[in-house]
Amino acid sequence: MTSLPPLAPATSDLQLGSQPFTPGTSRVTVLGAGVMGPGIALVFAEHGYQVDLCEIHETGLAKGMQSLRDGLALKVSEQLLTQEAADAALARVQSHVGSDVAIARADLVIEAVSENKEVKRQVFDTIARIGKPTVITWSNTSSLDVFALSDASMRGRLVVAHWFAPAQIIPLVEVVGSAPHTDTLMQQTCEVLRAVGKTPVRLNKMVNGFVINRLQRLLGREIFHLLESGVISPEDMDIAVRASIAPRMQVLGVVQRYDFTGLGLSVRNFRDPDFQDPPFEEVPKHLLDRVNDGHLGVATGQGFFDYGTQTMLELQNERDRHLYRVMERLSHYVDGPRPVR
Ligand SMILES: NC(=O)c1ccc[n+]([C@@H]2O[C@H](COP(=O)([O-])OP(=O)(O)OC[C@H]3O[C@@H](n4cnc5c(N)ncnc54)[C@H](O)[C@@H]3O)[C@@H](O)[C@H]2O)c1
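Residues numbered from 1 in each chain as written. Predicted model: local features only at pLDDT ≥ 70, side-chain atom pairs only at ≥ 80, totals over all residues. Heavy atoms only, no water.

A word on the side chain of T199
Line of reasoning, step 1. Turning to its location among the elements, T199 is positioned in strand β10 (residues 199–203).
Line of reasoning, step 2. Excluding residues within four positions of it along the chain, T199 makes contact with P171, L172, V173, V334 and D335. (Helix = DSSP H or I, 4+ residues; strand = E, 2+ residues; numbered from the N terminus. Contact = heavy atoms within 4.5 Å.)

Listed below in structure tokens is the structure:
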């Protein structure tokens, strides 16, 4: 049996907390213009919201704004946005060093500041002190219990909305609240995310790393164990995954797949006495050795692969072009009709 994709709510019906949340009127303040902030700002600006993007340093802000402009330019070159729409989106973004003015006028603050308890705590204190009493805060933390870091006055007005990089392309946002205070806000947050083209998934409780980073962490243990044991090369590992579980996951996810494998066989696989789980390593040697040699990945031109003289922007644009094409073909399988259910 198939089902129709959930309709995005009309933006005129959206609400956050006790206030309507409407393009053209409502203001979104994004704190932090590092890896995540500019992509999140782009999404809201593209959907008609007035956006303030804030940083603590001029250099960080300039870099973040360039990244936002690059993101829009790529959408134009991929014919996903007209030049006029991109110009209009950019015109809706104001950039600031410092954030007091932007926090004070925000209807929604999205914090994408450094993953550091003290930095986050200070940000929440500022929002509680100078934000409107109705302001809603979304935290993009990857693992911190932000409810324990924030003032009691923010209870019911703060949820985690955890995006994935590049934020303007990857659909998933994990939404986590502090039940029972945030049940309504989580629902409203999901509706707003759907209206700006995202695919929200609600978590029923706080868990360190949420869901997808936990899966990636566990997968990482096995990946590095196999590489370090010399079982397979990094190139072949990536080919093997792209040619098997990646497309299958796109169709079946990771749970429904068991129904097709057969639950009996799955039990026998878990019980297989010859199967050794990888030993626990705090940080895999393969990773640490490269970091110690100054090879940090695309940022330095070398990681597991050698990127020659290509700049980080060229590499990111190439990745993002492919991601747009993959998403265009496969978005049907994200939250549209599925082959079986
Ligand atoms: N990088 C990712 O792939 C990713 C994915 C999902 C979630 N996250 C989370 O998103 C948040 C941001 O991650 P990032 O990778 O963009 O970090 P980043 O280090 O690239 O950027 C954070 C930026 O916040 C700025 N900042 C610090 N304090 C600030 C303040 N008070 N006001 C405004 N700006 C401030 C810093 O100067 C820095 O430029 C973190 O909580 C992180 O865990 C990151």
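A closer look at the UniProt feature "site: Important for catalytic activity" (unreviewed entry) in the protein chain
Line of reasoning, step 1. When the UniProt feature table is mapped onto this chain numbering, "site: Important for catalytic activity" (unreviewed entry) sits at H162.
Line of reasoning, step 2. Within the fold, H162 resides in strand β8 (residues 158–163).
Line of reasoning, step 3. The class of H162 is buried, set by a relative accessible area of 3%.
Line of reasoning, step 4. Every residue in contact with H162, bar those within four places of it in the chain, is listed here: S139, N140, T141, S142, L172, V173, E174, F210 and N213. (UniProt positions renumbered as here; feature names shortened; annotations may be inferred. Buried < 20%, exposed > 50% of the residue type's maximum accessible area, 1.4 Å probe, protein only.)

Description of unusual backbone geometry
A negative phi holds for most residues other than glycine; trans holds for most peptide bonds.
Line of reasoning, step 1. With an omega of -5°, the peptide bond between A165 and P166 qualifies as cis.
Line of reasoning, step 2. Secondary-structure assignment places P166 in the loop between β8 and β9 (172–176).
Line of reasoning, step 3. Here the amide bond leading from A179 into P180 is cis, since omega sits at 0°, within 30 degrees of zero.
Line of reasoning, step 4. Summarising the element assignment, P180 is placed in the loop between β9 and α7 (183–195).
Line of reasoning, step 5. In this structure, Q79 takes a positive phi of about 60° despite not being glycine.

Some remarks on the domain arrangement of the protein chain
Line of reasoning, step 1. With domains assigned, the protein chain is organised as domain 1 (11–203) and domain 2 (212–335).
Line of reasoning, step 2. Measuring from the centre of the C-alpha atoms in domain 1 to the corresponding centre in domain 2 gives 28 Å.
Line of reasoning, step 3. Between domain 1 and domain 2, the contact holds 16 residues from the first and 13 residues from the second.
Line of reasoning, step 4. Across the domain 1 to domain 2 interface the summed buried area is about 1300 Å²; carbon plus sulfur atoms make up 65%.
Line of reasoning, step 5. Contact with domain 2 buries area across many residues of domain 1, yet L74, E78 and I169 alone supply 39% of it, more than any other trio.
Line of reasoning, step 6. Taken together, the links from domain 1 to domain 2 amount to two salt bridges.
Line of reasoning, step 7. Two residues, R325 and E78, come together in a salt bridge whose shortest N-O distance is 3.1 Å.
Line of reasoning, step 8. Inspection of the region where domain 1 meets domain 2 yields two residue pairs in polar contact (both at pLDDT 80 or more).
Line of reasoning, step 9. For the side of domain 1 that touches domain 2, the secondary-structure elements that each account for two or more residues are α2 (58–77) and β9. (Domains from an automatic or database assignment. Buried area = accessible area lost by both parts, 1.4 Å probe. Salt bridge = Lys/Arg side-chain N within 4 Å of Asp/Glu carboxyl O. Polar contact = N/O pair within 3.5 Å; in protein donor to acceptor, adjacent residues only side chain to side chain.)

Here we look at the site of the ligand
Line of reasoning, step 1. Around the ligand, a shell composed of 20 residues is seen, among which M36, E55, E115, K120 and S142 lie nearest.
Line of reasoning, step 2. M36 places a main-chain nitrogen or oxygen 2.8 Å from an oxygen atom of the ligand.
Line of reasoning, step 3. Within the side chain of E115, a nitrogen or oxygen atom sits 2.5 Å from an oxygen atom of the ligand.
Line of reasoning, step 4. Summarising the interface, the protein chains cover 76% of the accessible area of the ligand, which totals 830 Å² for the free molecule.
Line of reasoning, step 5. Secondary structure elements with two or more residues in the shell around the ligand: β4 (50–55), α5 (117–130) and β8.
Line of reasoning, step 6. Ranked by residues supplied to the shell around the ligand, first place goes to α5 with three residues. (Near = heavy atom within 4 Å. Areas by Shrake-Rupley, 256 points an atom, 1.4 Å probe, with all protein chains shown as cover.)

Describing the pairing of strand β7 (residues 136–139)
Line of reasoning, step 1. A two-sided burial pattern is seen for β7, the buried positions comprising I136 and W138 on one face and T137 and S139 on the other.
Line of reasoning, step 2. Each parallel crossover has a hand, and the one from strand β6 (residues 108–111) via α5 to β7 is right-handed.
Line of reasoning, step 3. Looking at chain direction, β7 and β8 are connected through three bridges and run parallel. The residue bridging T137 from the neighbouring strand is L158, located in β8. (Right-handed = clockwise from strand over helix to strand, strands pointing away. Pairing = 2+ DSSP bridges.)

Overview of the sheet that holds β7
In sheet architecture, strand pairing relies on hydrogen bonds along the backbone and comes in two forms, parallel and antiparallel.
Line of reasoning, step 1. With mixed pairing, the eight strands of this open sheet are ordered in space as β5-β4-β3-β6-β7-β8-β9-β10. Each edge of the sheet is formed by a strand with only one pairing partner; in this case those strands are β5 (93–97) and β10. Going across the sheet, the axis of each strand differs from the next one's by a mean of 25°, ignoring polarity.
Line of reasoning, step 2. Lying on the sheet, α5 is in contact with β3 (27–31), β6, β7 and β8; it crosses β6 at an angle near 170°. (Axes fitted to C-alpha atoms, helices over the stretch in contact; angles between N-to-C directions.)

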